[in-house]
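This is what each chain is made of:
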Amino acid sequence: MSTRPRLHRGLFGCGVLLGIVAEQMMLFAVPLLIFQDTKEVSALGFAYAIEWLPALLAYPFAGLLADRDGGARLFRFVTAGRGVVLIGALIGCLAAPSLLTPILMTSGALLSLLMAPVRMSVEKVVPQLAKGTELAKIQGLVQSMEVSAMAVGPALAMLGVAFLDKIWLLGGAALVFLAAAACWLPLPRGLRTPSTGKARETFAELRLGWSILRHTKPLVLLASLNFSINLVFSTVLSANAALVTGVFKAPESTFALLNICVGVLGIVNLLLIPFTLRFVGVRTLGIFGLSLLCICLISIGWATSMLLYGAAFVAAMLGVTYFNVFNRTQRIRVLPQEHLGKVMGPFYLLNMLALPLAGLLVAGFGSSLGPQRLVAILAILLTVFGAIMLPLTIRAFSRAFAAQEKTLVGASAE
């Protein structure tokens, strides 16, 4: 590999890492600030739902923007915008402390809205940096950066609150967002799709994306599987602050320590995944990841101590990491690059619909049923559903890849 591609991959990974580090700092600070301000588990659920609803509407349009822009410039612009939002939130909270929860919920919604083009930009740039067998390695890099950020983000947050009030983490996260945007400055813009910008053309492209998704059976099956996984795991994430500090009566430092342990495993995986892929296919990683996730989610639902809950939580994130290598690699391979953003926007919308629903589940049943019992019920349902859907999804992808190879062979013969 020449120096320039290696540099671009390094800067790409750093930008992804720093962007998610800033997100993790917010995931540490905001739930604790809201829970301390309201003392209500339902408030956490509503905040989680409000945070993710705007992204659902944004994803299809963000996919179009990524196709038209090429990905890199869009990432820089929107990531910097997320930093500006946090600076505004910090000023608002300092000026009006009594409005802290509404301000944090509003800023969370804006960050979610801007997150959609960031995710679509990453999807668009990945196949520009790697082809063929290298694609799984780059997807492993992305997933490892995301999980590694769970160590760096909470660690920075804990360091910050040791000297400052948690509210100042908003400003720290804003600076990290700006640094993430700067990392992508040298990356080439990539392939762009010309557009007149007219509404008729935009809606035609949206319809095309939905049409391709609807007629690509492997993606339909994968989207349904991803939705179920996101619903259960997001329920855990939505109630995590209440479970740690409320149910198990652990200190705030434990809340951060969980994410740090997950992040350390992510760093280890960053080194192990490329090596593992030499001997194990992405399908095997997907099967192992989903199996581990289901076992750990059931354990979370029945944990009787903070130690058991923490071990299951960390291992569950490890399962998500391995499953996502399969998830991200297979879906990109089955799609034409020129329509990648158009299709991945609706695909993400279907996946992320589970996140606000999880928040509403916690808001509706977190107090009456209890967040831990709710997780246990959903985990059992996911295990049954996953045992049926994963083999069907793997078989559908295998058939799609075989059809692609047959088409290529036919074209070569002609």
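Residues numbered from 1 in each chain as written. Predicted model: local features only at pLDDT ≥ 70, side-chain atom pairs only at ≥ 80, totals over all residues. Heavy atoms only, no water.

Things to note about the nonpolar core
Now for step 1: Within the largest apolar cluster, 131 residues are counted, with the highest numbers of intra-cluster contacts made by Phe-12, Tyr-59, Leu-170, Trp-184, Leu-297 and Tyr-309.
Now for step 2: Of the residues forming this core, the biggest block, 15 residues, is contributed by helix α1 (residues 3-38).
Now for step 3: Structurally, this core is a two-domain feature, drawing no fewer than three residues from each of domain 1 (1-184) and domain 2 (199-410).
Now for step 4: Aside from chain neighbours lying at most four places away, what touches Tyr-59 is Met-115, Ala-116, Arg-119, Met-120, Gly-345, Tyr-348, Leu-349 and Met-352. (Core = buried A, V, L, I, M, F, W, Y, C linked by side-chain atoms within 4.5 Å. Buried < 20%, exposed > 50% of the residue type's maximum accessible area, 1.4 Å probe, protein only. Helix = DSSP H or I, 4+ residues; strand = E, 2+ residues; numbered from the N terminus. Domains from an automatic or database assignment. Contact = heavy atoms within 4.5 Å.)

What about the packing of aromatic side chains?
For any pair of aromatic rings, the description consists of the separation of the ring centres together with the inter-plane angle of the planes.
Now for step 1: Enumeration over the complete set of coordinates arrives at 10 aromatic pairs.
Now for step 2: On the basis of an interplanar angle of 35° and a centroid distance of 5.3 Å, the ring pair of Phe-248 and Tyr-309 is categorised as tilted. With Phe-248 in the loop between α8 (217-247) and α9 (252-276) and Tyr-309 in helix α11 (residues 306-333), this pair connects stretches of sequence that are 61 residues apart. The two residues Phe-248 and Tyr-309 agree in class, both being buried.
Now for step 3: Joined through ring pairs, the aromatic side chains of Phe-233, Phe-248, Tyr-309 and Phe-313 make up one cluster.
Now for step 4: We note Arg-333 situated over the ring of Phe-401; from NZ or CZ to the ring centre the distance is 3.9 Å. (Phe/Tyr/Trp six-rings, centres within 6.5 Å; stacked < 30°, edge-to-face > 60°. Lys NZ or Arg CZ within 6 Å of the ring centre and 35° of its normal.)

Describing the confidence of the model for the protein
Now for step 1: Taken as a whole, the protein shows an average pLDDT of 82; of its residues, 90% reach a score of 70 or greater.
Now for step 2: For the protein, the element scoring lowest by mean pLDDT is α9, at 73; helix α6 (residues 169-183) scores highest, at 93. (pLDDT = per-residue confidence, 0-100.)

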